[in-house]
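This is what each chain is made of:
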2 protein chains.
Amino acid sequence: MPSKVAEGAQRGWIVPIGGAEDKDNDKRVLRRFFELCGGAGADIAVIPTASRLNDTGDRYEQLFSEMGAGNVSVLDFDTRRDAHERNRVAAIEQASGIFITGGNQLRLSTMLGGTPIAQAIRARNAHGIPVGGTSAGAGILSEHMIAGGESDSATPHANSVRLAPGLGLTNRVVIDQHFRQRDRLGRLLAALAYNPFAIGLGVDEDTAALIGPDNVIQVEGSGAVTVVDADDLQFSSMAQVSGDAPVCMLGLQIHILTAGATYNLETRKASAGTLSPSKE
Amino acid sequence: MPSKVAEGAQRGWIVPIGGAEDKDNDKRVLRRFFELCGGAGADIAVIPTASRLNDTGDRYEQLFSEMGAGNVSVLDFDTRRDAHERNRVAAIEQASGIFITGGNQLRLSTMLGGTPIAQAIRARNAHGIPVGGTSAGAGILSEHMIAGGESDSATPHANSVRLAPGLGLTNRVVIDQHFRQRDRLGRLLAALAYNPFAIGLGVDEDTAALIGPDNVIQVEGSGAVTVVDADDLQFSSMAQVSGDAPVCMLGLQIHILTAGATYNLETRKASAGTLSPSKE
């Protein structure tokens, strides 16, 4: 279950990014996240734990500093014990934004799951602080995380996907990343075939799905966010198939959102937003 | 426009196959087509023109003969003039089923388009004779054919797809093949983004979408048929984007049909058919 939002408080933005966001040119995706964190003077905690590259944290520290951050804390975790350390928890608690880098989402979930750091991230988001993540850092944000599975398939199969618990900032969505680039519609559909209650978000590279406190999703970046709504699903054969057999799924609704379009997770309605001349 | 079906007559089955149908083991896709053509004693005309391999026609001749065909005519066309030749037109006119092999669909459309052979295929189908095709031979069957475009993308782009006129046995569907294997959802969506009136059929390899005379689609084979229904499309940004920019499309409905499930092109309703214990 997602963290309870205190009465009178508003949940913070949840910002899954599809990976490979631009870091050299317009940086529009990272800039948008930075603005949500307060812009100039922001205090950003960066968690590079998913990555096995040593300089991942430094790279984001530099990027956010150049944008005008007042402070950037890079918090790496090599053991679960690190995720109990008071100074690091304090850094999360004082941050005006929390950013989780890419890499392997299982490094994040095995290292942070159930620790005071995970609890602090949830609590801070429930109190209005934006939490963003790219690639693996995007997948971990929701309650049900895609832990692995097959790419390069538009058709769902029984074996397409493995799910695991994530950070649980929201349970309304299941997030997949590098969506277009790695052709992951099949595995996202398979995740929904198990239990259609959630809404699938397939986030392309250099693109963010910005989930607002009001549960309206905006899009930023050069790609698209594919929204898969299985609310009216008539039928799923997931219980009957196994192995590589394709899964029959009838009655899916899909929206391809580009920057400017929106999707409301409460009403399950898409809007062309600023893309539409008539502002429908 | 599709050929007019004479009063009292019933259109024949239209059978797009996604390519790479099994030819060595259960051959269930080809067998199903063969049964539609009348089974034992059937007279099948095979058009291998899309292929650049010399033995493609012979291969299907052998397969259908082994299944019990009374006659198999392999009709190759090297020039448009060949498609005016009386004996070949006669072979189409006496066949109880017409099969078009894979290869390059532009070889088919440039060689046969507007010729007496194309007219004969349309007329025969309008009078009840099944016409099937695999891969390129599947794409050519409909009025609007996907002539080319980019594979490996779930997100539609302005440049994703090139359309061309096909044989025109039906104008209700746009067909794509090798669907899952080459990740062609993006280009099928792009085809519908131009004009959402048609229904997209993405046919996996070793799988057939069997479009019945009643316009109910059945599925045969080991893969799936992805039905994309843009009837309720709220918005398409195709008119506003260019190049590699993603296309915003809101309100698509998608059904993944496996063998046993059906889709009615008239009512636009999917059914789990024999997959559902309750026969919903």
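- For chain A, an unreviewed UniProt entry supplies the name Cyanophycinase and the organism Thermomonas carbonis.
- Under the UniProt heading Function (unreviewed entry), the entry covering chain A gives this text: "Exopeptidase that catalyzes the hydrolytic cleavage of multi-L-arginyl-poly-L-aspartic acid (cyanophycin; a water-insoluble reserve polymer) into aspartate-arginine dipeptides."
- Per UniProt, chain A carries the Catalytic activity (unreviewed entry) text "[L-4-(L-arginin-2-N-yl)aspartate](n) + H2O = [L-4-(L-arginin-2-N-yl)aspartate](n-1) + L-4-(L-arginin-2-N-yl)aspartate".

Here's the deal with the overall build of chain A
Item 1. What chain A contains, in helices and strands, is seven helices and 16 strands.
Item 2. For a compact globule of 280 residues, the expected C-alpha radius of gyration is about 19 Å, and chain A comes in at 18 Å, within 12% of that figure.
Item 3. The C-alpha extent of chain A, read off along each of the three principal axes, is 50 × 50 × 40 Å.
Item 4. For chain A, the residues scored as buried account for 61% of the 280 residues in total.
Item 5. Within chain A, contacts between residues separated by at least 24 positions form 74% of all contacts whose residues are at least 6 apart in sequence.
Item 6. Carbon and sulfur atoms form 44% of the exposed surface of chain A, whose accessible area is close to 10500 Å².

Structural notes on the side chain of lysine 23 of chain B
Residues and elements named next belong to chain B.
Item 1. Of note, lysine 23 is situated in the loop between strand E1 (14-17) and helix H1 (28-36).
Item 2. A polar side-chain atom of lysine 23 sits 3.3 Å from the main-chain carbonyl oxygen of glutamate 21.
Item 3. Discounting chain neighbours no more than four positions away, the residues touching lysine 23 are Leu30, Arg59, Tyr60 and Leu63.

Points about the layout of surface pockets
All names here are of chain B.
Item 1. In this structure, the largest pocket occupies an estimated 470 Å³ of space.
Item 2. In terms of lining residues, the largest pocket is bounded by 25 residues, among which Thr101, Gly102, Gly103, Thr134 and Ser135 are the most central.
Item 3. The residue inventory of the lining of the largest pocket, partitioned by class, reads five nonpolar, 12 polar and eight charged.

So, the sheet that holds strand E5 (residues 131-134) of chain B
All names here are of chain B.
Item 1. Reading across from one edge, E3-E2-E4-E5-E1-E10-E11-E15-E16 is the order of the nine strands in this open sheet, with mixed pairing throughout. Only two strands of the sheet have a single neighbouring strand rather than two, namely strand E3 (71-74) and strand E16 (269-271). Direction aside, neighbouring strands of the sheet carry axes that sit 20 degrees apart on average.
Item 2. Bridge count for strand E11 (residues 216-221) against strand E15 (residues 262-264) is three bridges, and the pairing is antiparallel. Bridging across to E15, glutamine 218 finds its partner in threonine 262.
Item 3. Taken strand by strand, helix H2 (residues 56-67) contacts strand E2 (43-47), E3, strand E4 (97-100) and E5, and its axis lies near 170 degrees from that of E3.

Points about unusual backbone geometry
Item 1. Within the chain, lysine 27 of chain A stands out as a residue other than glycine whose phi angle is a positive 50 degrees.
Item 2. Owing to a relative accessible area of 14%, lysine 27 of chain A belongs among the buried residues under this scheme.
Item 3. In this structure, aspartate 206 of chain B takes a positive phi of about 55 degrees despite not being glycine.

Here's the deal with the packing of aromatic side chains
All names here are of chain B.
Item 1. The full count for this structure, using the stated rule, is 12 aromatic pairs over all chains.
Item 2. The interplanar angle of 55 degrees and the centroid separation of 6.2 Å between the aromatic rings of phenylalanine 33 and phenylalanine 64 together place this pair among those described as tilted. Residue phenylalanine 33 is found in helix H1, and its partner phenylalanine 64 is found in helix H2; the two are separated by 31 residues along the sequence.
Item 3. A centroid spacing of 6.3 Å and a plane angle of 20 degrees characterise the contact between phenylalanine 34 and phenylalanine 64, whose relative ring orientation is stacked. Here phenylalanine 34, found in helix H1, pairs with phenylalanine 64, found in helix H2; they are 30 residues apart in sequence, far enough to count as distant.
Item 4. The buried category is assigned to phenylalanine 34, whose relative accessible area is 1%.
Item 5. We classify phenylalanine 64 as buried; its relative accessible area is 0%.

Details of the pattern of salt bridges
Item 1. This model, assessed by the stated rule, comprises 22 salt bridges over all chains.
Item 2. Between arginine 28 of chain B and glutamate 220 of chain B there is a salt bridge, with its nearest N and O atoms 3.2 Å apart. Of the two residues, arginine 28 of chain B is situated in helix H1 and glutamate 220 of chain B in strand E11; the sequence distance between them amounts to 192 residues.
Item 3. Relative accessible area serves as the criterion here: at 30%, arginine 28 of chain B is assigned to the partly exposed category.
Item 4. Among the charged side chains, a salt-bridge network with shared partners connects Arg28, Arg32 and Glu220 of chain A.

Digging into H1 of chain B
It helps to recall that an α-helix has 3.6 residues per turn; residues three or four apart then point in one direction.
All names here are of chain B.
Item 1. The set of residues buried in H1 consists of Val29, Leu30, Phe33 and Phe34. Looking straight down H1, one finds its buried side chains confined to an arc of 135 degrees; they lie on one side.
Item 2. Positioned one or two residues after H1, glycine 38 has a phi angle of 120 degrees, which is positive.

So, the interface of chain B and chain A
Item 1. Tallying the contact residues gives 39 residues for chain B and 38 residues for chain A.
Item 2. Approximately 3000 Å² of surface area, both sides summed, lies buried where chain B meets chain A, with 57% of it carried by carbon and sulfur atoms.
Item 3. At the junction of chain B and chain A, the tally comes to zero salt bridges.
Item 4. If you look at where chain B meets chain A, you find 14 residue pairs in polar contact (both at pLDDT 80 or more).

Observations concerning the environment of arginine 59 of chain B
Residue and element names in this part refer to chain B.
Item 1. With respect to the helices and strands, arginine 59 occurs in helix H2.
Item 2. Taking relative accessible area as the criterion, arginine 59 reaches 36% and is therefore assigned partly exposed.
Item 3. Arginine 59 sits 11 residues away from proline 48 along the chain, and the two C-alpha atoms are 9.9 Å apart.
Item 4. In this structure, arginine 59 is in contact with Lys23 and Asp24, ignoring residues within four places of it in sequence.

Some words on the relation of the copies chain B and chain A
Item 1. When chain B is fitted to chain A, the residual RMSD is 0.0 Å, and the transformation amounts to a turn of 180 degrees plus an axial shift of 0.0 Å. Here the two chains are linked by the operation of a two-fold rotation axis. Closest approach to the rotation axis among the C-alpha atoms of chain B is made by glutamine 253 of chain B, whose C-alpha sits 2.2 Å away.
Item 2. Here 97% of the contact residues of chain B are again contact residues in chain A; the copies associate through an equivalent surface.

Comments concerning the packing of helix H1 (residues 28-36) of chain A against helix H2 (residues 56-67) of chain A
All names here are of chain A.
Item 1. As a packed pair, H1 and H2 sit with axes 11 Å apart at the nearest point and diverge in direction by 65 degrees. Taken together, H1 and H2 sit at an angle that is classed as roughly perpendicular. H1 and H2 meet at a crossing whose hand is right-handed. Judged by residue contacts, Leu30, Arg31, Phe33 and Phe34 of H1 engage Tyr60, Leu63, Phe64 and Met67 from H2.
Item 2. Of the residues assigned to the contact of H1 with H2, the class counts are seven nonpolar, no polar and one charged.

Rules used in this analysis
- Residues numbered from 1 in each chain as written.
- Chains lettered and ligands numbered in written order.
- Predicted model: local features only at pLDDT ≥ 70, side-chain atom pairs only at ≥ 80, totals over all residues.
- Heavy atoms only, no water.
- UniProt positions renumbered as here; feature names shortened; annotations may be inferred.
- Helix = DSSP H or I, 4+ residues; strand = E, 2+ residues; numbered from the N terminus.
- Rg over C-alpha atoms; globule rule 2.2 N^0.38 Å.
- Buried < 20%, exposed > 50% of the residue type's maximum accessible area, 1.4 Å probe, protein only.
- Contact = heavy atoms within 4.5 Å.
- Areas by Shrake-Rupley, 256 points an atom, 1.4 Å probe, with all protein chains shown as cover.
- Polar contact = N/O pair within 3.5 Å; in protein donor to acceptor, adjacent residues only side chain to side chain.
- 1 Å grid on protein atoms, 1.4 Å probe; cavity = no way out; pocket = protein on both sides within 12 Å on 5 of 7 lines; lining within 4 Å.
- Points joined across faces, edges and corners; volume = space filled by probe spheres on them.
- Nonpolar A, V, L, I, M, F, W, Y, C, P; charged D, E, K, R; others polar.
- Pairing = 2+ DSSP bridges.
- Axes fitted to C-alpha atoms, helices over the stretch in contact; angles between N-to-C directions.
- Phe/Tyr/Trp six-rings, centres within 6.5 Å; stacked < 30°, edge-to-face > 60°.
- Salt bridge = Lys/Arg side-chain N within 4 Å of Asp/Glu carboxyl O.
- Arc of directions from axis to C-beta.
- Buried area = accessible area lost by both parts, 1.4 Å probe.
- Least-squares fit on C-alpha atoms with pLDDT ≥ 70 in both.
- Parallel < 35°, antiparallel > 145°, perpendicular 65-115°, else oblique.
- Left-handed = near helix turned anticlockwise from the far one by under 90°.

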